[in-house]
Amino acid sequence: MEFSLLGPIAVTTGSMELSLGPAKRRSVLALLLLQPNTTVPLEQLIDSLWEDEPPEHARTVVQGHVSRLRATLAEGGAEAYGIELTTHGSAYLLRLPEELIDAHRFGELVALARPEAAPADAVPLLREALGLWRGPALTGTVTSPPFAAAAHALEERRLTAVEALGRAHGTLGEHEQAAAILYSAAVNHPLREGLIAGLMRALFRTGRQSDALEWFHRTRRLLNEELGVDPGERLRGAYEEILRAEAAGGGRTKPTGGARATGAAAGGTAGDGRAGASGESRSATGGGPRPAPGGTGAANARGGDAAPGADGTRTGTPDGARAGSGSGRAGAAPRLLPRPPARFLGREDQLTALTAVLTDRATGESPLAVVAGPAGVGKTACAVQWAHLHAGAFPDGQLFADLRGFGEGDEASPAEILRDFLLALGTPPERVPGSAQAASALFRSLVAERRLLVVLDNARSSAQVRPLLPGGPRCATVVTSRSRLDGLVATDCARPVGLQTLGHEEGAALLGAMLGPDRVAEDPAAARELVDLCDGLPLALRAAAAQLTARPRWRLARLAAALRDERRRLALLSAEDTGIAAALRMSVARLSADDAQLLSALATSADGHLNASLAAALAGYDPERTQDGLDRLAEMHLVDEEATDVYTISTLTQLFARDERGESGDGGKRGTGDGSKGSDGRG
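Residues numbered from 1 in each chain as written. Predicted model: local features only at pLDDT ≥ 70, side-chain atom pairs only at ≥ 80, totals over all residues. Heavy atoms only, no water.

**Q** Can you walk me through the packing of aromatic side chains in this structure?
**A** Within a pair of aromatic rings, the relevant descriptors are the distance that separates the centres and the angle that separates the planes. Using the criterion set out here, one finds 5 aromatic pairs in the structure. With a centroid separation of 5.8 Å and 80° between ring planes, the pair formed by Phe106 and Trp133 is classed as edge-to-face. One end of the pair, Phe106, is in helix H4 (residues 102-112); the other, Trp133, is in the loop between helix H5 (119-131) and helix H6 (145-171), and 27 residues separate them in sequence. Here Phe106 falls in the buried class, since its relative accessible area comes to 3%. Its relative accessible area of 12% is what places Trp133 among the buried residues. The ring of Trp215 carries the charged tip of Arg218 above its face, separated from the ring centre by 4.5 Å. (Phe/Tyr/Trp six-rings, centres within 6.5 Å; stacked < 30°, edge-to-face > 60°. Helix = DSSP H or I, 4+ residues; strand = E, 2+ residues; numbered from the N terminus. Buried < 20%, exposed > 50% of the residue type's maximum accessible area, 1.4 Å probe, protein only. Lys NZ or Arg CZ within 6 Å of the ring centre and 35° of its normal.)

Here's what the structure looks like:
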């Protein structure tokens with residue numbers, strides 16, 4: 001006879017499962033099994049079974065359930081197994097060998113496992129322990145706080161075992177297995193920092209450092225949104241460890257001396273640690289292999305050849321490094337770019353413009369480009385695509401940072417980003433200056449002679465960007481923002497590269513890339529209408545494609561018909577945590593209350609075309625105040641100035657502003673200019 005708590009409450013004998021009856025009876029058994037060979041007071045059973053005030057006949061109900069359980073166990077041959085359910089005054093005792101309870105066997109197996117000291121033995125022990133789980137613990141019991149607490153405690157023990165199994169595989173050098181085990185648990189428990197830290201290390205050691213760093217930034221955002229806290233020591237430690245290892249040439253590791261190596265011999269550094277160093281990388285979200293981007297440059301930082309070490313890696317100090325200074329060059333260049341954007345199409349003119357700006361050496365200055373455009377137009381994708389295509393021109397590394405200018409919570413401070421950059425460049429943590437000014441000076445000094453690419457994504461203002469700019473003439477910087485960042489143009493000679501919405505042909509091509517060309521070709525008119533309904537925004541088109549992917553029987557015309565309903569359009573152009581409404585919310589959240597009210601007034605325009613006089617009449621502002629507001633909205637790409645005193649507002653922006661006006665009931669006074677929170681939706 002066996003008792004199951006790790007999943008649905010069950011009792012099996014041989015191949016037969018005993019019938020336990022209703023939830024309260026199963027709950028009585030579960031409580032007795034959680035305290036085996038211990039008397040459980042009747043009052044405790046009553047308090048656990050009824051979340052609210054128990055009925056007057058509660059004692060009789062519990063006694064009836066115990067009586068039926070006693071009979072059920074007897075029918076299953078409990079006596080032969082040494083099992084007895086007895087009454088002791090106003091308490092009950094379930095006497096049995098504890099090894100018959102799956103939770104007890106689970107605990108014993110986990111206790112025997114020593115993931116670091118004896119990983120080869122720990123792996124089968126932990127796998128056997130986790131194999132006892134058949135679903136969420138205590139399934140089928142009542143939903144009262146005592147049972148919820150008990151289920152949570154069991155789940156914590158399971159997650160601890162998962163983390164231990166990941167460490168055991170990691171100690172053996174089996175990092176792919178560790179990543180696979182930790183991934184599913186991390187998806188279901190995205191705020192468990194120790195679990196995420198283990199997954200980050202495993203991903204990095206398989207050469208998937210961009211995935212590892214994405215997990216850190218995703219978890220940091222969630223911690224800020226859900227709990228209002230920053231990452232703790234374990235998560236931050238893993239992040240900094242990866243940055244330091246990247247700077248020192250870490251990456252994919254392999255077991256030495258056979259399929260399983262133990263301890264510190266579990267694998268020396270191999271290659272340069274780039275995602276796709278072996279020709280491909282796998283997405284942390286379980287997608288298929290992605291080709292490694294071409295031309296990613298040399299594995300080592302600039303500076304001469306180094307002799308190969310005993311494990312096949314290159315050792316030695318590149319020329320120009322200052323041994324022992326703590327701020328010299330590391331053995332390999334940092335490569336912090338995210339994965340190349342999926343299904344990236346078109347934008348040839350903008351990519352060519354970026355090449356012209358960022359490879360211009362005529363001025364002897366560090367070139368700087370600003371990729372600007374409205375929310376959802378694909379600024380980040382364009383910048384990252386160019387960076388991967390031209391990574392070979394920057395063999396000393398590629399740095400990337402999300403400045404969170406239009407995202408959840410506070411924008412990233414220059415000091416925070418500079419710390420990450422300095423760690424990636426090999427600076428020991430204790431030598432990173434505390435002030436942004438000193439850190440900026442050290443950063444410029446370190447990269448002065450390097451060929452380095454810096455990608456600063458999602459910037460809010462020019463002031464946020466300036467401390468992060470390298471000074472060397474062979475460095476190049478790409479900044480993306482919803483704002484034009486006119487200040488960078490004025491003071492740093494930044495060259496703007498504007499992104500516009502897609503035309504019918506490009507938009508249909510993107511749908512074809514997402515859905516398959518046949519599905520689009522069967523209804524080209526509907527594809528053109530979808531592009532129009534999405535305002536030609538890649539983010540909206542991708543969300544529309546996600547809707548169609550989830551509904552394979554839908555023709556494009558059916559979705560187009562649904563999108564014609566303006567009340568549903570924004571909701572349909574969303575996919576989980578991303579979408580046009582989320583992206584626009586972040587732009588509006590950065591507006592002042594006056595500008596948000598002006599935008600709301602502009603949304604009432606019949607056709608989205610207006611001039612300053614009409615805008616002033618709609619908003620009830622004087623002409624000067626209206627013109628200043630229109631200029632700021634145009635700078636944020638919330639309206640477009642097509643010609644002198646001719647402004648347009650896109651349909652999706654109109655719909656969003658109307659919705660916000662209707663929800664707030666205050667004429668759109670939602671903008672605060674303080675980064676009010678909403679869903680993430682960068683574009």
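**Q** Explanation requested: the side chain of Thr480 in the structure shown.
**A** Among the secondary structure elements, Thr480 is positioned in strand E12 (residues 476-481). In this structure Thr480 comes out as buried when scored by relative accessible area, which is 1%. Among the polar contacts made by the side chain of Thr480, one reaches the main-chain amide nitrogen of Asn458 at a distance of 2.9 Å. Discounting chain neighbours no more than four positions away, the residues touching Thr480 are Val371, Lys379, Thr380, Ala383, Leu456, Asp457, Asn458 and Ala459. (Polar contact = N/O pair within 3.5 Å; in protein donor to acceptor, adjacent residues only side chain to side chain. Contact = heavy atoms within 4.5 Å.)

**Q** How should the nonpolar core be read in this particular structure?
**A** Taken as a class, soluble globular proteins show a tendency for nonpolar side chains to be buried jointly. Within the largest apolar cluster, 196 residues are counted, with the highest numbers of intra-cluster contacts made by Phe3, Leu138, Met200 and Leu456. With 10 residues, H6 is the single largest residue contributor to this core. Excluding its chain neighbours within four sequence positions, the residues that come into contact with Leu138 are Leu5, Gly7, Ile9, Ala30, Leu34, Phe147, Ala150, Ala151 and Leu154. (Core = buried A, V, L, I, M, F, W, Y, C linked by side-chain atoms within 4.5 Å.)

**Q** In this structure, what is going on with the pairing of strand E6 (residues 91-95)? I would like to understand it.
**A** A regular strand places its side chains so that they alternate between the two faces of the sheet. Of all 5 residues making up E6, 4 are buried, and the element is well covered by its neighbours. Inspection of the sheet shows strand E5 (residues 84-88) paired to E6 by 5 bridges, in the antiparallel sense. Across the sheet, residue Leu85 finds its bridge partner in E6, namely Leu94. (Pairing = 2+ DSSP bridges.)

**Q** Would you mind going over the pattern of salt bridges with me for this structure?
**A** Between side chains of opposite charge, a pair can form when the charged atoms approach closely. Summed over all chains, the structure comprises 30 salt bridges. For Glu163, the salt bridge identified is with Arg192, shortest N-O distance 2.7 Å. Linking Glu163 in helix H6 with Arg192 in the loop between helix H7 (175-188) and helix H8 (193-205), this pair joins segments that are 29 residues apart in sequence. The burial state of Glu163 is the same as that of Arg192; both residues are buried. The salt bridge partner of Glu411 is Arg460, with a shortest N-O separation of 3.2 Å. (Salt bridge = Lys/Arg side-chain N within 4 Å of Asp/Glu carboxyl O.)

**Q** Would you explain helix H10 (residues 233-247) in this entry?
**A** Turn by turn, an α-helix covers 3.6 residues, leaving residues three or four places apart pointing in a common direction. The terminal C-alpha atoms of H10 lie 21 Å apart, and with 15 residues this matches the ideal 21 Å at 1.5 Å per residue to within 8%. Taken together, the buried positions of H10 are occupied by Leu235, Arg236, Ala238, Tyr239, Glu240, Ile242, Leu243, Glu246 and Ala247. Tucked inside the fold, the buried residues of H10 contact H8, helix H9 (209-227) and helix H13 (414-424). (Expected span 1.5 Å × (residues − 1).)

**Q** Before we go on, may I ask you to explain H4 in this structure?
**A** Of the positions making up H4, those classed as buried are Asp102, Ala103, Phe106 and Leu109. Projection of H4 onto a plane perpendicular to its axis shows the buried side chains occupying an angular sector of 125°, all on one side. Turned more than 90 degrees off the buried face of H4, the exposed positions are Ala111 and Leu112. (Arc of directions from axis to C-beta.)

**Q** I'm lost on the sheet that holds E6 in this one. Help?
**A** Pairing between the strands of a sheet comes from backbone hydrogen bonds, and it takes one of two forms, parallel or antiparallel. Within the open sheet, the 3 strands sit side by side as E4-E6-E5. Their pairing is antiparallel. Where the open sheet ends on each side, the last strands, each with one partner, are strand E4 (40-41) and E5. Strand direction decides the pairing type here: E4 and E6, joined by 2 bridges, are antiparallel. Among the inter-strand pairings, Pro41 is bridged to a residue of E6, identified as Ala91. Packing against the sheet, helix H1 (residues 23-34) makes contact with E4, E5 and E6, and its axis sits at approximately 70° to E6. (Axes fitted to C-alpha atoms, helices over the stretch in contact; angles between N-to-C directions.)

**Q** What's the story with the sheet that holds strand E18 (residues 646-648) in this structure? I'm lost.
**A** A sheet is described by the order of its strands in space; here 3 strands give the open sequence E16-E18-E17, paired in antiparallel fashion. Where the open sheet ends on each side, the last strands, each with one partner, are strand E16 (609-610) and strand E17 (640-643). The sheet contact formed by E16 and E18 spans 2 bridges and is antiparallel. By the bridge assignment, Leu610 is partnered in E18 with Tyr647.

Bear in mind that shape data such as this cannot, by itself, settle questions of function.
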